[in-house]
Amino acid sequence: MTLRIVTADQRLTEAQGKTTIALFGPSGSGKTSQLLTLPPEETLCLDLEAGLKSVQAWHGDSIGIRTFPDALDIACLIGGVDPSVPADGFFSEGHHQHLLARYPDLARSIATKRIIFVDSITDLTRQAMAWAKTRPEAISEKTGKPDTRGAYGLLAREVIALLKHLQHAPGRTVIFVGILEKVTDDFNRVAWQPQMEGGKAARELPGIVDQVLTLSLFDRDGDGWRHAPDTGAERRFVCRAGNPFSLPAKDHSGRLDMTEPPDLGALLAKINRI
């Protein structure tokens, strides 16, 4: 890797060409349907849920992913080589060259895509856990029995590495979709949190991405909105931290309102000022 000065104009150009988003919402809130707002010729959906039935009218390309090693391979083709990893590691030069030789047509197709829609990160972590349980790190050296702590540690390391690799993919907007679940504690207090295997990956994801959005149902309440995830009449994006609904959100662009209409394509244009 060659060190170089990046000018302010170069940073601005690069920033306008890409962003990373974590999009959460309760089951059935319409997260996958946001594909219909994205340009099909420029968008690739990584389908980990086998759940594209709701968007049959969308004419873009998708890749079905059923195992975590397949997810690592696709992430390598999207993000290229990570010069910081060991020569025999995931995302190394050797890994990338092996994939280019094995999947030349797939690599050429991926190279034409500007937007990567990962549906969903919830299922990605489930696949990662299934994979982690088969690895030597998840077997106790003393007893030869499964080591749950080792499996979770491996899951966290590899999932976070994959997320960061996609975050650094040059010229790509990456959207991680995930389920938001309602959690009620012993004092009957309600909180909303991403549904993911392993707490570490869930905690670190908001710090990895540029934007965190929650898509849910709302009812009008005077000049504002009331969160009604089960009965609401209108879908809205919640875009800012400290929102009155206590929903996950973050806006690094500074260009979004507290809530926005449920159109991801329009939201990307607003973020990038296209």
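Residues numbered from 1 in each chain as written. Predicted model: local features only at pLDDT ≥ 70, side-chain atom pairs only at ≥ 80, totals over all residues. Heavy atoms only, no water.

A. Structural view of unusual backbone geometry. In this structure, the amide linkage connecting Asp 119 to the following residue, Ser 120, adopts the cis form with an omega of 10°. Note on placement: Ser 120 falls in the loop between strand S4 (115-119) and helix H5 (121-132). For Phe 91, which is not a glycine, the phi torsion comes out positive at approximately 75°. The topology assignment puts Phe 91 in the loop between helix H2 (68-79) and helix H3 (93-102). (Helix = DSSP H or I, 4+ residues; strand = E, 2+ residues; numbered from the N terminus.)

B. Inspection of the pairing of strand S7 (residues 211-221) at higher detail. Where burial is concerned, most of S7 is hidden: nine out of the eleven residues are buried. Here strand S1 (residues 20-25) pairs with S7 via four bridges, running parallel. Opposite Phe 24, over in S7, you have Thr 214 as the bridge partner. Sheet topology places S7 next to strand S10 (residues 250-251); two bridges connect them, and they run antiparallel. Each bridged residue has a counterpart across the sheet, and for Val 212 the counterpart in S10 is Lys 250. (Buried < 20%, exposed > 50% of the residue type's maximum accessible area, 1.4 Å probe, protein only. Pairing = 2+ DSSP bridges.)

C. Spatial organisation of the packing of aromatic side chains. Under the defined criterion, the tally for this structure stands at three aromatic pairs. Ring centres 5.2 Å apart and planes at 45° place the aromatic pair Phe 68 and Trp 131 in the tilted group. With a gap of 63 residues between them, Phe 68 in helix H2 and Trp 131 in helix H5 connect regions that are remote in the sequence. A residue is classified by how much of its surface remains accessible, and Phe 68, at 1% relative accessible area, is buried. With a centroid separation of 5.0 Å and an interplanar angle of 70°, the aromatic rings of Phe 218 and Phe 245 are classed as edge-to-face. Note that Phe 218 is positioned in strand S7 and Phe 245 in the loop between strand S9 (234-238) and S10, a separation of 27 residues in sequence. Of the residues examined, Phe 218 reaches a relative accessible area of 0% and is grouped as buried. Taken together, the ring pairs in this structure connect Phe 68, Phe 90 and Trp 131 into an aromatic cluster. (Phe/Tyr/Trp six-rings, centres within 6.5 Å; stacked < 30°, edge-to-face > 60°.)

D. Summary view of the side chain of His 96. Tracing the backbone through its elements, the reader meets His 96 in helix H3. A relative accessible area of 13% means that His 96 is categorised as buried. Those residues in contact with His 96, other than ones at most four positions away along the chain, are Cys 76, Leu 77, Gly 80 and Val 81. (Contact = heavy atoms within 4.5 Å.)

E. Quick look at H3. Those residues of H3 lying buried are His 95, His 96 and Leu 99. The buried side chains of H3 occupy one side of the element, clustering within an arc of 95° when seen end-on. Those residues of H3 hidden inside the fold are in contact with H2. (Arc of directions from axis to C-beta.)

Interpretation note: all reported values are geometric properties and have no functional meaning in isolation.
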